[in-house]
Amino acid sequence: MRRLLALLMLCPSLAFAQGGLTEGFNQDGTPFDSETGLAVEEGIPEEDLDILGEVRTLDAPKVQLRGLDTLNGQVAEFTVNVGQIVRFERLQIAVLACKYPEGEIAKEAFAFLRIRDSRETTDRFSGWMFASSPALSALDHPRYDVWVLKCSTD
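Let me sum up the structure you'll find in this document. Model, not experiment: these values are computed from the prediction.

1. Observations concerning the overall build of the protein
- Along the protein, the regular secondary structure elements total 1 helix and 8 strands.
- Order of helices (α) and strands (β) in the protein, N terminus to C terminus: α-β-β-β-β-β-β-β-β.
- The 154 residues of the protein split such that 30% are buried.
- In the protein, the proportion of contacts linking residues at least 24 apart, taken out of those at least 6 apart, comes to 42%.
- On the protein, roughly 9800 Å² of surface is accessible, and the fraction owed to carbon and sulfur atoms is 50%.

2. Quick word on the nonpolar core
- L65, I93, L113 and I115 are the most contacted members of the largest nonpolar core, which totals 24 residues.
- When contributions to this core are tallied by element, the ones reaching two or more residues are β2 (62-69), β3 (75-81), β4 (85-88), β5 (91-101), β6 (110-117), β7 (125-130) and β8 (144-152).
- No other element matches β5, which puts 5 residues into this core.
- For L65, the residues in contact, after removing those within four places along its chain, are A76, E77, F78, V80, I93, V95, L113, W147, V148 and L149.

3. Thoughts on the pattern of salt bridges
- According to the stated counting rule, one finds 8 salt bridges in the structure shown.
- Ionic pairing is found between R56 and E102, a salt bridge with its closest N-O pair at 3.5 Å. Of this pair, R56 sits in the loop between α1 (2-10) and β1 (57-59) while E102 sits in the loop between β5 and β6; the two residues are 46 residues apart in sequence, bridging distant segments of the chain.
- Its relative accessible area of 45% is what places R56 among the partly exposed residues.
- For E102, a relative accessible area of 45% corresponds to the partly exposed category.
- For D59, the salt bridge goes to K99, with nearest N and O atoms at 2.6 Å. Here D59 is found in strand β1, whereas its partner K99 is found in strand β5, with 40 residues between them in sequence.
- Here the salt bridges do not stand alone but share partners, grouping R114, R116 and D123 into one network.

4. Focus: the side chain of R143
- Position of R143 among the secondary structure elements: in the loop between β7 and β8.
- Side-chain polar atoms of R143 contact the side chain of D69, separated by 2.8 Å.

5. Description of unusual backbone geometry
- With a phi close to 55°, E89 is a non-glycine residue in the positive phi region.
- In this fold, E89 is placed in the loop between β4 and β5.

6. Structural notes on the sheet that holds β8
- Across the sheet, 3 strands lie side by side as β3-β2-β8; this open sheet has antiparallel pairing. The sheet is open, and its two borders are formed by β3 and β8, each paired with just one other strand. Across this sheet, the average inter-strand angle for adjacent strands is 25°, counted without regard to direction.
- Two strands pair when backbone bridges link them, and β2 and β3 are joined in this way by 7 bridges, in the antiparallel orientation. Counterpart to G67 in the pairing with β3 is A76.

Conventions used here
- Residues numbered from 1 in each chain as written.
- Predicted model: local features only at pLDDT ≥ 70, side-chain atom pairs only at ≥ 80, totals over all residues.
- Heavy atoms only, no water.
- Helix = DSSP H or I, 4+ residues; strand = E, 2+ residues; numbered from the N terminus.
- Buried < 20%, exposed > 50% of the residue type's maximum accessible area, 1.4 Å probe, protein only.
- Contact = heavy atoms within 4.5 Å.
- Areas by Shrake-Rupley, 256 points an atom, 1.4 Å probe, with all protein chains shown as cover.
- Core = buried A, V, L, I, M, F, W, Y, C linked by side-chain atoms within 4.5 Å.
- Salt bridge = Lys/Arg side-chain N within 4 Å of Asp/Glu carboxyl O.
- Polar contact = N/O pair within 3.5 Å; in protein donor to acceptor, adjacent residues only side chain to side chain.
- Pairing = 2+ DSSP bridges.
- Axes fitted to C-alpha atoms, helices over the stretch in contact; angles between N-to-C directions.

Following this line, the structure appears as structure tokens:
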């Protein structure tokens, strides 16, 4: 994940064919692919295009989560098996997957969660949460906060 964020930070020239840009060129004159909207860099050898390299992820059977009730300050940590639903206060948290980079289980975790307030009919959150960047993809709830701590193979 950190490698992906670093890549995005290294490419601030990402531009889209809208907002008055001439098709095929950014405002500064650099070319971009009008189909994808991504900046085109010319003269880069093919072997250098693989910036990230191959990152293999492994599935973990469990994920460790932390929940916070912002009204009373109650914090709870809980471990949930993939495929199960856990209840934290009024939240129902379904864990659909937990992945980690091969050889780096302690450094990073990615968990696919569905979180619903028991008083509502739609999900408050459905997607991947990242242990190293909890604000990147976060639960939007006025009272509760939930984030991923790590994957677990125990």
